[in-house]
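# Coordinate analysis (summary)
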Amino acid sequence: MVYFTTRNVVFSIKKNMKHDIDLKKQAKTPYLDNYQKYLDGKYTAFDVPGHHQGGIRTPFDKVFSHIIYEKDINCPEGMDNLLHPHECIKEAQELYALATNAQYAKFLVNGSTSGILVMLLTVLKAHDKIILPRNVHKSVINGLILAGAIPEFIMPQVDKETEIVNQISFDEWKNAIDNNLDAKAIFIINPTYFGATCDLKKIVEYAHSKNIVVLVDEAHGSHFYFNSTLPITAMDANADMATLSIHKTGGSLTQSSLLLIKSSLVDIEDVNNAFNLITTTSPSNILLASLDASRKFLVFKGEKEIQKAINLCSKAKQIINKIDGFKVLDKEYFVNQGSYDYDRTKLVIRLEKLVLNGFQVYKILQKQYHIQIELAETNVLLCLFTIGSKEEDIKVLVNALKDISSLYYQERKRERKLQTFNFSKALLRPRVAYQAKEEKVELSESLGHISKEMIMIYPPGIPLIIPGEIITKEILKQLDIYRKKKVNIISKYKNCDYISCVTENKDEIKD
């Protein structure tokens, strides 16, 4: 395929990108090319993986093409080493850094979870303080356990109508920073799962004025880098580090993500040390190749394809708003709830005057209409429009929602109890609680105990309670609601009949 040889085309791409890049360089795919070169060599295998590039036949072949075996290799000479890159991986990562306005980029093969762990382990040591929203992903809590850090949580407001956690304002961040000037870092979720963004640049500037590192969970915003109409990116806002799930919205394969670094406060050697601590020595070459390929696609076609997704989402919104029982929440809604900006590829549908809740609609869409949406909450549904979305997808969704409306809509507004959930207070550092002795306590008897585990609904994976927090009436009530709705609860004990609690008196635990 020939890429953009005329001056006019080159100029138009530069104009649409959020910063200028060298398109001649970006036309390369160094890792993918080396991969193909190795496969063309048709080597006889005496190394791992043990299937020796398709030397076996298994039930895997019934679902997937046998060609996946043939192209699955380990780390032979010429394919570079992810832990110490100096050849094609190094070049591929440098191209991604240039494309995203970063100093450095590192390929991740364990999702954004690994990027978040690297960021936290780079910046924090035991007893170091970090400021962060309480609605962080479970991987952040895992990072706090590994680092032994002290979380200083900002308790976000929850929209009582939708149960969506709102963005945190600049004033809230400023207040938290002013009250914790000894913090080593702040951790920002931008965008949220539902697409809400904060005044990122202003927050970064204020944190930096206090010599505080800014880490950004940008897992749901990798497409921001490749469309000029979407909200500002972490790198353009001069954040120190950000983690992007390229597989979520950027077109790479599931589990492949990216860590970006642009900082005078973070030492790249510290990043490398943390990266090597948690990264496998046997990364999937297929995942790495998909990252290299995704970058070229996004640089040359991202602006147009992401805009197409935005337009499709807008079209779906207009149609769905005419269906009784459903109302799409747009940018104006989220801004009114405190967001600074909004990701227009997210389709957030509020249920109105339906006898069903969101979890029930989710299951009906999946089982009866073979539609897989991203997420359901009690009163909302979340659908994603991406570079892979098609015009016909809208018709399928709209027809299903029309059917559901005809069956479950009632003119009289349904009485629904709005849940007012607040997160608990932490009495112990997460690592201390995690390492404490355990007591298995029945859910009904756990009030007032200190949790030793994380309990969450997945998706999205935001813990209702974390190690070190006290179990309150509100948490027990929320868990009871989710259990009755048969929502997927992730906990140590099946269906959360029991909770893993700290058995020792908190005053007797050595911190």
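Our subject in this report is the structure included herewith.

In this section: the sheet that holds strand 2 (residues 129-133). An order of 1-8-7-6-4-2-3 is seen for the 7 strands of this open sheet, with the pairing classed as mixed. Only two strands of the sheet have a single partner each, and these edge strands are strand 1 (104-108) and strand 3 (150-154). Going across the sheet, the axis of each strand differs from the next one's by a mean of 20°, ignoring polarity. For strand 2 and strand 3, the ladder comprises 5 bridges, and the chain directions are parallel. Bridged to Lys-129 within strand 3 is Ile-150. Strands in contact with helix 7 (residues 111-123) are strand 1, strand 2, strand 4 (185-189), strand 6 (213-217), strand 7 (241-244) and strand 8 (257-261); relative to strand 7, the strand with the most contacts, it is inclined by about 165°.

So, about a nonpolar patch on the surface. Residues Phe-60, Val-63, Phe-64, Ile-67 and Ile-68 make up a contiguous nonpolar surface patch of roughly 430 Å² in combined accessible area. Contributions of two or more residues to the nonpolar patch are made by helix 4 (60-63) and helix 5 (67-70). Following the sequence through the fold, Phe-64 ends up in the loop between helix 4 and helix 5. With relative accessibility at 40%, the residue Phe-64 sits in the partly exposed group.

The subject of this paragraph is the pairing of strand 13 (residues 380-384). Most of strand 13 is tucked away: 4 of the 5 residues are buried. The pairing of strand 11 (residues 346-351) with strand 13 spans 5 bridges and is antiparallel. Looking at strand 13, one finds that Ile-349 is bridged to Leu-381. Of the strand pairs in this sheet, strand 12 (residues 375-376) and strand 13 are connected by 2 bridges, and their pairing is antiparallel. When the sheet's bridge partners are listed, Ala-376 is paired in strand 13 with Leu-381. Where strand 12 folds back onto strand 13 in an antiparallel hairpin, the turn is made up of 3 residues.

Running from N to C, helix 13 (residues 285-320) and helix 16 (residues 391-408) cross one another at 20°; their axes reach a closest spacing of 10 Å. One way to sum up the angle between helix 13 and helix 16 is to call them roughly parallel. The chirality of how helix 13 crosses helix 16 is right-handed. Across from Leu-312, Lys-315, Ala-316, Ile-319 and Ile-320 in helix 13, the residues of helix 16 making contact are Glu-391, Ile-394, Leu-397, Val-398 and Leu-401. Here the residues of the contact of helix 13 with helix 16 are counted per class, giving 8 nonpolar, no polar and 2 charged.

Below, the discussion takes up unusual backbone geometry. A negative phi holds for most residues other than glycine; trans holds for most peptide bonds. In this structure, the amide linkage connecting Val-48 to the following residue, Pro-49, adopts the cis form with an omega of 0°. Of the consecutive residues Asn-190 and Pro-191, the connecting peptide bond is found in the cis state with omega at 5°. By the secondary structure assignment, Pro-191 is in the loop between strand 4 and strand 5 (196-197). Residues other than glycine seldom take positive phi values, yet Asn-211 does so here, at roughly 60°. On the secondary structure map, Asn-211 appears in the loop between helix 10 (200-209) and strand 6.

By the definition in use, this model includes 17 salt bridges. With a shortest N-O distance of 2.8 Å, Arg-134 and Glu-469 are connected by a salt bridge. Remark: Glu-469 occurs in the loop between strand 16 (462-465) and helix 18 (473-484) and Arg-134 occurs in the loop between strand 2 and helix 8 (138-147); sequence separation between them is 335 residues. Like Arg-134, the residue Glu-469 is buried in the burial classification. Lys-174 is the salt-bridge partner of Asp-178, the closest N and O atoms lying 3.0 Å from each other. In this pair, Asp-178 and Lys-174 both sit in helix 9 (residues 170-178), 4 residues apart, roughly one turn of the helix. We classify Lys-174 as partly exposed; its relative accessible area is 30%.

As a further point, take the sheet that holds strand 17 (residues 489-490). Pairing is antiparallel in the open sheet, where 3 strands are placed in the order 16-15-17. Of all the strands in the sheet, the pair left with one neighbour each is strand 16 and strand 17. Bridging between strand 15 (residues 455-457) and strand 17 involves 2 bridges; their strand directions are antiparallel. Counted as the bridge partner of Ile-457 is Ile-489 from strand 17. Helix 18 contacts strand 15, strand 16 and strand 17 of the sheet and is inclined by roughly 125° relative to strand 16.

Turning our eyes to something else, we now look at the packing of aromatic side chains. Where two aromatic rings form a pair, the distance of their centres and the angle of their planes describe that pair. What the rule picks out here adds up to 11 aromatic pairs. Geometrically, the ring pair formed by Tyr-38 and Tyr-43 is stacked, given 4.5 Å between the ring centres and 10° between the ring planes. Exposure remark for Tyr-38: the relative accessible area of 13% places this residue in the buried category. Geometrically, the ring pair formed by Tyr-193 and Phe-194 is tilted, given 6.2 Å between the ring centres and 45° between the ring planes. Note on accessibility: Tyr-193 and Phe-194 belong to one class, buried. Ring pairs connect the aromatic residues Phe-60, Phe-64 and Tyr-69, which therefore count as one cluster. It is Lys-440 that lies over the ring of Tyr-498; its NZ or CZ is 4.5 Å from the centre.

Calculation rules
Residues numbered from 1 in each chain as written. Predicted model: local features only at pLDDT ≥ 70, side-chain atom pairs only at ≥ 80, totals over all residues. Heavy atoms only, no water. Pairing = 2+ DSSP bridges. Helix = DSSP H or I, 4+ residues; strand = E, 2+ residues; numbered from the N terminus. Axes fitted to C-alpha atoms, helices over the stretch in contact; angles between N-to-C directions. Contact = heavy atoms within 4.5 Å. Patch = residues over 30% accessible without salt bridge, like charges linked within 9 Å, V, L, I, M, F, W, Y side chains within 5 Å. Areas by Shrake-Rupley, 256 points an atom, 1.4 Å probe, with all protein chains shown as cover. Salt bridge = Lys/Arg side-chain N within 4 Å of Asp/Glu carboxyl O. Buried < 20%, exposed > 50% of the residue type's maximum accessible area, 1.4 Å probe, protein only. Parallel < 35°, antiparallel > 145°, perpendicular 65-115°, else oblique. Left-handed = near helix turned anticlockwise from the far one by under 90°. Nonpolar A, V, L, I, M, F, W, Y, C, P; charged D, E, K, R; others polar. Phe/Tyr/Trp six-rings, centres within 6.5 Å; stacked < 30°, edge-to-face > 60°. Lys NZ or Arg CZ within 6 Å of the ring centre and 35° of its normal.

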